[in-house]
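Analysis of the macromolecular model
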Amino acid sequence: MKNISLLLTIIMTLAMGFTACDNTGSNGGTGTMEVTMTDAPTNYDSVNVTINKVRVNKKENAETDSTESDEEAEENGWVTIMNQQMKINLLELTNGNQIMLGSKELEAGTYSQIRFILGDDNTVTVDGQTHPLQTPSAKQSGLKLNVDAEVENGVTYSLLIDFDVARSIVEKGNDGYLLKPVLRAVNLAETGSIAGNVQPADFNTNVLAVLEGDTVTSTITAENGTFEIIGLAPDSDYEVVFDPSSDQYSDSTQTNIKVEAGKETDLDTIQLEQNSTL
């Protein structure tokens, strides 16, 4: 479990496609929100999360709880965009692979909050042993995140939710595991990505994007060594750290990696060096 302490992320992409709205009209226009999910895995065998509902809200500091009906939630300003229970092994989604959670026609405007209401059946499997993930806060009111999603006429707004698995799953010793989600939100259209291929590829390598000493997000290489890190703020100099799972090879770092909005920075092939201390 060498890489358990590393920052590893799960990313949920919310693609909001909106139709044109007439500012002089009475209804303000409507649009469609689509919710998909993707992941960068950890060294757990699996992380299964059950999502019951996804809701969004225009109001500031709006409150709701998981027991509210859709009608009651709407009275408090919440709109349900996904209400069909879905159990997802987050570790099956990696390097840009996504799963659709739901789609909903919405009024145009600024959405200030998003909430994920989880079910009770959440588990983590470690070394072949499956443990329940205790989620007390999620059972009561869901996972709320403040956002500032300004939906304009004819614009597709994509909100990227970065779910930090390593920080979100807390081991409680003999008492099991606790799920305390740590989330980050960015406007996907304003971000860029970093991609490449790490060799040799007969083991996994963790790839971390570091900015000013802090790990922003990370991924793990696919079977052929390819990787992609998305949701990175542009106009910044990143360090990209390569941490192989094999002790036969050394960590390495590439510095001054530029990211541009809407573009992929290709690092080509990264050749790991054998560990000379062995």
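For the protein chain, the name recorded in an unreviewed UniProt entry is Carboxypeptidase regulatory-like domain-containing protein, with Fodinibius salinus as its organism.

Applying the stated criterion across every chain yields a total of two aromatic pairs. When the ring of Phe 203 is compared with that of Tyr 249, the centres are 5.3 Å apart and the planes differ by 35°; the resulting orientation is tilted. In this pair, Phe 203 is assigned in the loop between strand E15 (192-199) and strand E16 (205-211) and Tyr 249 in the loop between strand E19 (237-244) and strand E20 (252-258), connecting sequence segments 46 residues apart. With a centroid separation of 5.9 Å and an interplanar angle of 70°, the aromatic rings of Phe 227 and Phe 242 are classed as edge-to-face. In this pair, Phe 227 is assigned in strand E18 (residues 226-232) and Phe 242 in strand E19, connecting sequence segments 15 residues apart. No difference in accessibility class separates Phe 227 from Phe 242, as the two residues are buried.

Looking now at the environment of Ala 166. Within the secondary structure layout, Ala 166 lies in helix H3 (residues 165-168). Taking the relative accessible area as the measure of exposure, Ala 166 reaches 19% and is therefore buried. The sequence separation of Ala 166 and Pro 181 amounts to 15 residues, and the corresponding C-alpha distance is 9.5 Å.

A separate point is the pairing of strand E11 (residues 156-164). In terms of burial, E11 is largely enclosed, as eight of its nine residues are buried. In this structure, E11 lies alongside strand E14 (residues 183-187), joined through five bridges in antiparallel fashion. Across the sheet, the residue bridging to Leu 160 is Val 186, located in E14.

Procedures and definitions
- Residues numbered from 1 in each chain as written.
- Predicted model: local features only at pLDDT ≥ 70, side-chain atom pairs only at ≥ 80, totals over all residues.
- Heavy atoms only, no water.
- Phe/Tyr/Trp six-rings, centres within 6.5 Å; stacked < 30°, edge-to-face > 60°.
- Helix = DSSP H or I, 4+ residues; strand = E, 2+ residues; numbered from the N terminus.
- Buried < 20%, exposed > 50% of the residue type's maximum accessible area, 1.4 Å probe, protein only.
- Pairing = 2+ DSSP bridges.

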